[in-house]
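Take a look at the letters that make up each chain.
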Amino acid sequence: MDFRIGFGYDAHRLTEGRALILCGVEIPYEKGLLGHSDADAALHALMDAMLGAAALGDIGKHFPDTDEKYRGASSAELLKRVNALLAENGFAVNNADVCIVAQSPKLAPYIDEMKNTVAQTLNVSPDAISIKATTTEKMGFEGRGEGISAYAVCSIVSNKEKK
Ligand code: MG
């Protein structure tokens, strides 16, 4: 059995007039994340972790932000496609751990819904998915409320015969 780990990171700017979507869940807030897609930094970090584990490039390669077809794209839909891409290459997600860095809003009330949304999208058990949130004690761009970042690690398994 081939066992691999991948890592991903992403950050987007907070701005008025956008919905705040994290891990596929819309969170009521006065600002949202700015980006070509729905700018779900948490799912972007997770997708890069999955692609990284499988050594299949990154989301910029698969879903370029210069491509009009990804304008306003649902990152949950893209996550489904990344999961399918892994499956085509003989890999399945074993577990994932996502850490969202935001000074506000408080994300604790939404963590369970995020976890269930990600688990359903990836077709894995919710106990294989961990979502965490932290502040930076008002330090840095997240702490000043300029943006939200996210880190993710993901382990995947493969049953492919070693070549
Ligand atoms: Mg991004």
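Shown above is the structure to which this text applies.
Residues numbered from 1 in each chain as written. Predicted model: local features only at pLDDT ≥ 70, side-chain atom pairs only at ≥ 80, totals over all residues. Heavy atoms only, no water.

Visitor: Go over the pairing of strand E6 (residues 129-134) with me, naming the residues and quoting the values.
Guide: It is a general feature of regular strands that their side chains alternate between the two faces of the sheet. The pairing of strand E5 (residues 91-101) with E6 spans six bridges and is classified as parallel. Its bridge partner being in E6, Val101 is matched across the sheet by Thr134. (Pairing = 2+ DSSP bridges. Helix = DSSP H or I, 4+ residues; strand = E, 2+ residues; numbered from the N terminus.)

Visitor: So, the pattern of salt bridges: which residues are in play, and what are the values?
Guide: With the rule as written, the count across this model stands at six salt bridges. Notably, a salt bridge pairs Asp2 with Arg4, separated by 3.0 Å at the nearest N-O pair. Given the relative accessible area of 27%, Arg4 is considered partly exposed. (Salt bridge = Lys/Arg side-chain N within 4 Å of Asp/Glu carboxyl O. Buried < 20%, exposed > 50% of the residue type's maximum accessible area, 1.4 Å probe, protein only.)

Visitor: Explain the packing of aromatic side chains to me, and be specific about the residues and the numbers.
Guide: Note on aromatic pairs: each is described by the distance of the centres and the angle between the planes. Using the criterion set out here, one finds three aromatic pairs in the structure. Ring plane angle 35 degrees and centroid distance 6.4 Å describe the contact between Phe7 and Tyr151, whose orientation is recorded as tilted. Linking Phe7 in strand E1 (residues 2-16) with Tyr151 in strand E7 (residues 147-158), this pair joins segments that are 144 residues apart in sequence. Relative accessible area serves as the criterion here: at 52%, Phe7 is assigned to the exposed category. Among the residues examined, Tyr151 registers a relative accessible area of 36% and is labelled partly exposed. Among the aromatic residues, ring-to-ring pairing joins Phe7, Tyr9 and Tyr151 into one connected group. (Phe/Tyr/Trp six-rings, centres within 6.5 Å; stacked < 30°, edge-to-face > 60°.)

Visitor: Account for the coordination of the magnesium ion, naming residues and giving values.
Guide: Listed as protein donors to the magnesium ion are Asp10 (OD), His12 (NE2) and His44 (ND1); their distances from the metal cover 2.1 to 2.2 Å. Looking at Asp10, the relative accessible area reads 16%, which means it is buried. Overall, His12 belongs to the buried group, its relative accessible area being 16%. (Donors = N, O, S within 2.8 Å, 3.2 Å for Na, K, Ca; no water.)

Visitor: Talk me through the state of the cysteines; I want residue IDs and the actual numbers.
Guide: Evaluation of the coordinates by the stated rule reveals zero disulfides. Left without a disulfide partner, Cys99 is nearest to the cysteine sulfur of Cys23, which lies 11 Å away. For the unlinked cysteine Cys154, the closest cysteine sulfur is that of Cys23, found at 13 Å. (Disulfide = S-S within 2.5 Å.)

Visitor: I'd love a proper account of helix H4 (residues 111-122), names of residues and values included.
Guide: With twelve residues, H4 should reach 16 Å at 1.5 Å per residue; the first-to-last C-alpha distance of 16 Å fits that figure. Every buried residue of H4 is listed here: Ile111, Met114, Val118, Ala119, Thr121 and Leu122. For H4, the arc enclosing every buried residue in end-on projection is 165 degrees, short of the 170-degree limit, so these residues lie on one face. Exposed residues lying more than 90 degrees from the buried face of H4 are Asp112 and Gln120. (Expected span 1.5 Å × (residues − 1). Arc of directions from axis to C-beta.)

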